[in-house]
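A closer look at the structure
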2 protein chains.
Amino acid sequence: MQIANEPREKGSYVVATYRVRDMQEKLAARAEGIAVGLTVGSWTDLPQAKQPAVLEYCGQVRGIRVLDEADPGALGETHSGSQDQTHSGLVTAEISIAYPVHNFNGTIASILTTVFGKLSMDGEIRLVRLDLGETLQRQFQGPKFGVTGIRDMLHIPDRPLLMSIFKACLGRNVDDLTDAFLEQARGGADLVKDDEIFFSEDYATPEQRVTAFSRAAREVEIETGRKVGYAVNLTGPASKLADRARRLCDLGAGALLFNAVAYGYDILAELAVDPDVTVPLMVHPAVSGALYGSATHGIASDIVLGSLMRLAGADIVIYPSPYGSVTLPRSEGLRLVGALRADSPHKPVLPAPSAGIYPGLVPKLVSDLGTDCIVNAGGAIHGHPGGVVDGASAFMAAITATVQGTSLHEAAENHGPLARALQKWGTGQ
Amino acid sequence: MQIANEPREKGSYVVATYRVRDMQEKLAARAEGIAVGLTVGSWTDLPQAKQPAVLEYCGQVRGIRVLDEADPGALGETHSGSQDQTHSGLVTAEISIAYPVHNFNGTIASILTTVFGKLSMDGEIRLVRLDLGETLQRQFQGPKFGVTGIRDMLHIPDRPLLMSIFKACLGRNVDDLTDAFLEQARGGADLVKDDEIFFSEDYATPEQRVTAFSRAAREVEIETGRKVGYAVNLTGPASKLADRARRLCDLGAGALLFNAVAYGYDILAELAVDPDVTVPLMVHPAVSGALYGSATHGIASDIVLGSLMRLAGADIVIYPSPYGSVTLPRSEGLRLVGALRADSPHKPVLPAPSAGIYPGLVPKLVSDLGTDCIVNAGGAIHGHPGGVVDGASAFMAAITATVQGTSLHEAAENHGPLARALQKWGTGQ
Ligand SMILES: [Mg+2]
Ligand SMILES: [Mg+2]
């Protein structure tokens, strides 16, 4: 087909790469079927007179690569499969398709529906890469704050941030929760984060919590000189979220925790461009595993939680760390963080690896991610033998030592809470 | 743990069932960990005085069932695995957890975030059943039209509806598309549906299309006495969808096609309760395969496209038929349709199995689904040897014959277009 080789303006395509399992001899036709079928529908049946008008909406096959243990394959050509693969006739392959940016309408729904709408239902197929390209990226503002904006807001110029997670929220009244907030704030947390499953509209509404906790945060600031931000769970009917977000900002929220996958990327994107949303948007990864969890279906985690979240304007992305029980393999986590920071017209996003984080892991975290990250902890703050204040303080000692290049064991000599944390949880080595 | 056996008001729980792979001896603790961890966070650490207040938010383990070939297992107890399974120590099991309805806030995001938020990232785990319960269902209005409302609107009391899909939309101007609409309408289609990937905001906006096609539909009504509805793709920024939906209704849309998975369930739910959205909501399954495609991860298709779409208020759900290239196994398709129709406070939803539908399949469709369904076809209308009008007309002849209990071959004796369709595509037997 001649379409694939037409020259086009660089950057005006979104290139999606799919991993599929199919008969090798069917790959070329399948790729063409995607490029044409998911854009202009059919090509050969178009009257000649209409072809030029339609051509600019047609997708292009950018590459077909057979993933073969015997021969890793190369872009743009197909190779024969290994013994095993040719036996069944099936090979695993990657197909790259370029979609014209003007097929979309500036919504993430239009991108997802085009690049992995019908195709998501086509048997064993996974969207493994999504190169958004600068033309499309420039249609979105991306993160309003990003790393620098968050640092400026919290007056923390360079070290990793410490975020503490409520041990539990449901069924606890505002006074009780305020005590819990105060403990975490006094210990030294920069941010204190709601449970993502906290949806109370009666005994402790988001408005009541923000009001009470920002009063508590002011107390702590007077005591210690430190600012503590409360990341409140932004909840409620979809069409009321923007109003509530503005209201929570006015009441003193430090950040808005948002279940972006459950609500939809475009809702996040509209919150991000709202000038009255004056605090960072913190994405919780709830439900994302339903998209990225399988190795053979769905969408890769660095797209789900990485490039698409940044495009939509997340300032902070929480993701499962490779250390805890809810985990992402280390290589996947690093790819995800790569997407949050890659060269792009958009500000970089602050990554917050979560689950299973204890003070002894801080040097490893910083060595993996650098200092632009959030150390996000729950169990190892609340479960500290000395209590919550010691738990948070042990983390902050670990962060300070790591940034200064001091070993944790050396730092622990002068810091009892850190010593007890290292004794309880070790250093992960 | 004593919590699991507390008596509660019936129907005030949502019961989620997960398929997991784990060590058999870990299942009980894992189930308890879910029930408590995804609700009140921790139980044993709560001061006794606070337990009663928190108890009513705590989840309950409803059953653990080992799926074992040698012994299918039973709810509420664990069985030993087969040779193979015990060798690795891993078994496949189903864990059922009941979540109190008052943990949610009337949004589908709150349900999804609770029942499969963090849990979706917990390795090999799939949400396979979701019993919403009547208490929760009554917090939603469900479909505004449902099967009866759609039949009333289109004046089609009992037979299956015929829906025709544009062969292609992108890059075609309104005049050209109007010609294509007219052909499909003249052939006898009850509904004509946009491509879900059509997002034009310039050369053929939704408003322009609805205006032109409803004029065309009036022509066809004058010629034939038949009503034809245009299912226009509802697109644009999330916060503008409701306004556009109302406008498109005013301009004469027959239905609103909506990429509900790409946009989010709660946006659909708000459209459904909007009194100015006066036409049926037709859900397109785009992106849904990214959630349901894997056998071991994600969420079952009868939840993604079935019970949750009905809860959110879809009137019509398009889903991949078991006949075409983009397919769902027949048993899964039937389970999905079961969810669209099951006994519930909500109106039943009209199923529209799609992909690979040709006239010879109509008796099979009706035998599987009954007459309350939409026969949704593209290729076998546009690819008919006699052209689009014959293509649609062959389908309608097949529908009429099937409803009257006449065999297609008998009907084809007096219907040239049906005869040629049967000759080209057969009867799928
Ligand atoms: Mg939590
Ligand atoms: Mg189509």
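Parameters at a glance
- Residues numbered from 1 in each chain as written.
- Chains lettered and ligands numbered in written order.
- Predicted model: local features only at pLDDT ≥ 70, side-chain atom pairs only at ≥ 80, totals over all residues.
- Heavy atoms only, no water.
- Least-squares fit on C-alpha atoms with pLDDT ≥ 70 in both.
- Contact = heavy atoms within 4.5 Å.
- Pairing = 2+ DSSP bridges.
- Helix = DSSP H or I, 4+ residues; strand = E, 2+ residues; numbered from the N terminus.
- Axes fitted to C-alpha atoms, helices over the stretch in contact; angles between N-to-C directions.
- Phe/Tyr/Trp six-rings, centres within 6.5 Å; stacked < 30°, edge-to-face > 60°.
- Buried < 20%, exposed > 50% of the residue type's maximum accessible area, 1.4 Å probe, protein only.
- Domains from an automatic or database assignment.
- Buried area = accessible area lost by both parts, 1.4 Å probe.
- Salt bridge = Lys/Arg side-chain N within 4 Å of Asp/Glu carboxyl O.
- Polar contact = N/O pair within 3.5 Å; in protein donor to acceptor, adjacent residues only side chain to side chain.
- 1 Å grid on protein atoms, 1.4 Å probe; cavity = no way out; pocket = protein on both sides within 12 Å on 5 of 7 lines; lining within 4 Å.
- Points joined across faces, edges and corners; volume = space filled by probe spheres on them.
- Nonpolar A, V, L, I, M, F, W, Y, C, P; charged D, E, K, R; others polar.
- Right-handed = clockwise from strand over helix to strand, strands pointing away.
- Arc of directions from axis to C-beta.
- Core = buried A, V, L, I, M, F, W, Y, C linked by side-chain atoms within 4.5 Å.
- UniProt positions renumbered as here; feature names shortened; annotations may be inferred.
- Disulfide = S-S within 2.5 Å.
- Left-handed = near helix turned anticlockwise from the far one by under 90°.

Describing the relation of the copies chain B and chain A
Each copy of the sequence occupies a distinct position, and chain B is placed on chain A by a rotation of 180 degrees and an axial shift of 0.0 Å, giving an RMSD of 0.0 Å. What we have between these two chains is a two-fold relation. The share of interface residues of chain B whose copies in chain A are also at the interface is 100%, consistent with both copies meeting through the same surface.

With respect to the sheet that holds strand β4 (residues 125-131) of chain B
All names here are of chain B. Reading across the sheet, the five strands line up as β2-β3-β1-β4-β10 and stay open at both edges, with mixed pairing between neighbours. Either end of the sheet is taken by a strand with one partner, and the two such strands are β2 (60-67) and β10 (298-299). Of the pairings in the sheet, the one linking strand β1 (residues 13-23) to β4 comprises six bridges and is antiparallel in character. Looking at β4, one finds that Val-20 is bridged to Ile-125. Docked against the sheet, helix α4 (residues 108-116) engages β1, β3 (90-100), β4 and β10, running at close to 130 degrees with respect to β4.

Here we look at the packing of aromatic side chains
Across all of its chains, the model carries 16 aromatic pairs over all chains by this definition. Between Tyr-57 of chain A and Tyr-203 of chain B the ring centres are 5.1 Å apart and the planes differ by 55 degrees, which places this aromatic pair in the tilted class. In this pair, Tyr-57 of chain A is assigned in the loop between α2 (51-55) and β2 (60-67) and Tyr-203 of chain B in the loop between β6 (191-193) and α8 (206-224), connecting two distinct chains. Taking the relative accessible area as the measure of exposure, Tyr-203 of chain B reaches 22% and is therefore partly exposed. Ring plane angle 40 degrees and centroid distance 6.2 Å describe the contact between Phe-198 of chain B and Tyr-203 of chain B, whose orientation is recorded as tilted. Given a relative accessible area of 1%, Phe-198 of chain B falls into the buried group. What links up through ring pairs into an aromatic cluster is the set Phe-166, Phe-181, Phe-213 and Tyr-230 of chain A.

Overview of the domain arrangement of chain A
Residue and element names in this part refer to chain A. Assigned domains of chain A: these are domain 1 (13-137) and domain 2 (146-425). A separation of 37 Å is found between the C-alpha centroids of domain 1 and domain 2. Facing the 18 residues of domain 1 at the interface are 21 residues of domain 2. When the area that domain 1 buries against domain 2 is broken down by residue, the three leading residues are Ile-108, Arg-126 and Gln-137, summing to 43%. The tally of links from domain 1 across to domain 2 stands at zero salt bridges. For the pair domain 1 and domain 2, the number of links is nine residue pairs in polar contact (both at pLDDT 80 or more). Every element with two or more residues in the side of domain 1 that touches domain 2 is listed here: α4 (108-116), β4 (125-131) and α5 (133-137). Top contributing element to the side of domain 1 that touches domain 2 by residue count: β4, with six residues.

A look at the sheet that holds strand β13 (residues 374-377) of chain A
All names here are of chain A. The eight strands lie next to each other as β12-β11-β9-β8-β7-β6-β5-β13, forming an open sheet whose pairing is parallel. Edge positions in the sheet fall to β12 (350-354) and β13, since each of these pairs with one other strand and no more. Strand-to-strand twist across the sheet, computed as the mean angle between neighbouring axes with direction ignored, equals 25 degrees. Examined bridge by bridge, strand β5 (residues 161-165) and β13 share four bridges and lie parallel to one another.

Examining empty space enclosed by the protein
For the coordinates displayed, the defined rule picks out six cavities of 30 Å³ or more. The wall of the largest cavity is formed by 22 residues, among which Val-261, Ala-262 and Leu-291 of chain A together with Val-261 and Leu-291 of chain B lie closest to the centre. Put simply, the parts of the chain that give the lining of the largest cavity at least two residues each are α10 (260-263) and α13 (301-312) of chain A together with α10 (260-263) and α13 (301-312) of chain B. When its residues are assigned to classes, the lining of the largest cavity shows 20 nonpolar, two polar and no charged.

Description of the pairing of strand β8 (residues 255-258) of chain B
Remark: a regular strand shows side chains that alternate across the two faces of the sheet. All names here are of chain B. Both faces of β8 are covered, namely the face carrying Ala-255 and Leu-257 and the face carrying Leu-256 and Phe-258. Of the strand pairs in this sheet, strand β7 (residues 229-233) and β8 are connected by three bridges, and their pairing is parallel. Looking across to β8, one finds that Asn-233 is bridged to Leu-257. After leaving β7, the chain enters helix α9 (residues 241-251) and then returns to the sheet as β8, a path that is right-handed. Relative to strand β9 (residues 281-283), β8 runs parallel, the two being bridged by three bridges. If you follow Phe-258 over to β9, its bridge partner there is Val-283.

Regarding helix α9 (residues 241-251) of chain A
Residue and element names in this part refer to chain A. Here α9 has its buried residues at Leu-241, Arg-244, Ala-245, Leu-248 and Cys-249. In an axial view of α9, the angular spread of the buried residues amounts to 140 degrees, which keeps them on one side of the axis. In the core, the buried residues of α9 are packed alongside α8 (206-224), β7 (229-233), β8 (255-258), α10 and α11 (265-273). Looking one or two residues past α9, Gly-252 carries a phi angle of roughly 115 degrees, positive in sign.

A closer look at the nonpolar core
The biggest cluster of nonpolar side chains holds 270 residues, and the ones touching the most others in it are Tyr-18 and Val-115 of chain A together with Tyr-18, Val-115 and Leu-256 of chain B. If sequence neighbours within four positions are ignored, Val-115 of chain B has contacts with Val-14, Ala-16, Tyr-18, Tyr-99, Phe-104, Leu-127 and Leu-130 of chain B.

Some remarks on the interface of chain B and chain A
Between chain B and chain A, the contact holds 66 residues from the first and 66 residues from the second. Counting the surface lost from both chain B and chain A, the interface buries some 5200 Å², and carbon and sulfur atoms represent 63% of this. Joining chain B to chain A, the criterion identifies eight residue pairs in polar contact (both at pLDDT 80 or more). Of all the secondary structure elements, the ones that give two or more residues to the side of chain B that touches chain A are α2 (51-55), α4, α10, α11 (265-273), α12 (289-292) and β10 of chain B. Here the side of chain B that touches chain A takes six residues from α4 of chain B, the largest share from any one element.

Some remarks on the UniProt feature "domain: Ribulose bisphosphate carboxylase large subunit C-terminal" (unreviewed entry) in chain A
The UniProt feature table records "domain: Ribulose bisphosphate carboxylase large subunit C-terminal" (unreviewed entry) at residues 147-316 and 347-425 of chain A. From the first C-alpha to the last, residues 347-425 of chain A spans 35 Å; its make-up is 56% helix and 11% strand.

Topic: the state of the cysteines
Counting across every chain of the model gives zero disulfides over all chains. Of all cysteine sulfurs, the one in Cys-169 of chain B lies closest to Cys-58 of chain A, which takes part in no disulfide; the gap is 15 Å. A residue is classified by how much of its surface remains accessible, and Cys-58 of chain A, at 0% relative accessible area, is buried.

Overview of the packing of helix α7 (residues 174-187) of chain A against helix α17 (residues 388-404) of chain A
Residue and element names in this part refer to chain A. Axis separation between α7 and α17 bottoms out at 7 Å; the angle between their running directions is 35 degrees. The crossing of α7 and α17 is right-handed. Counted together, Glu-183, Gln-184, Arg-186 and Gly-187 of α7 and Val-388, Val-389, Ala-392 and Ser-393 of α17 form the full contact between these two elements. Across the contact of α7 with α17, the residue classes tally to three nonpolar, three polar and two charged.

Notes on the side chain of Asp-368 of chain B
By the secondary structure assignment, Asp-368 of chain B is in helix α15 (residues 362-369). Leaving out residues up to four positions away in the same chain, Asp-368 of chain B has contacts with Tyr-323, Arg-330 and Leu-334 of chain B.

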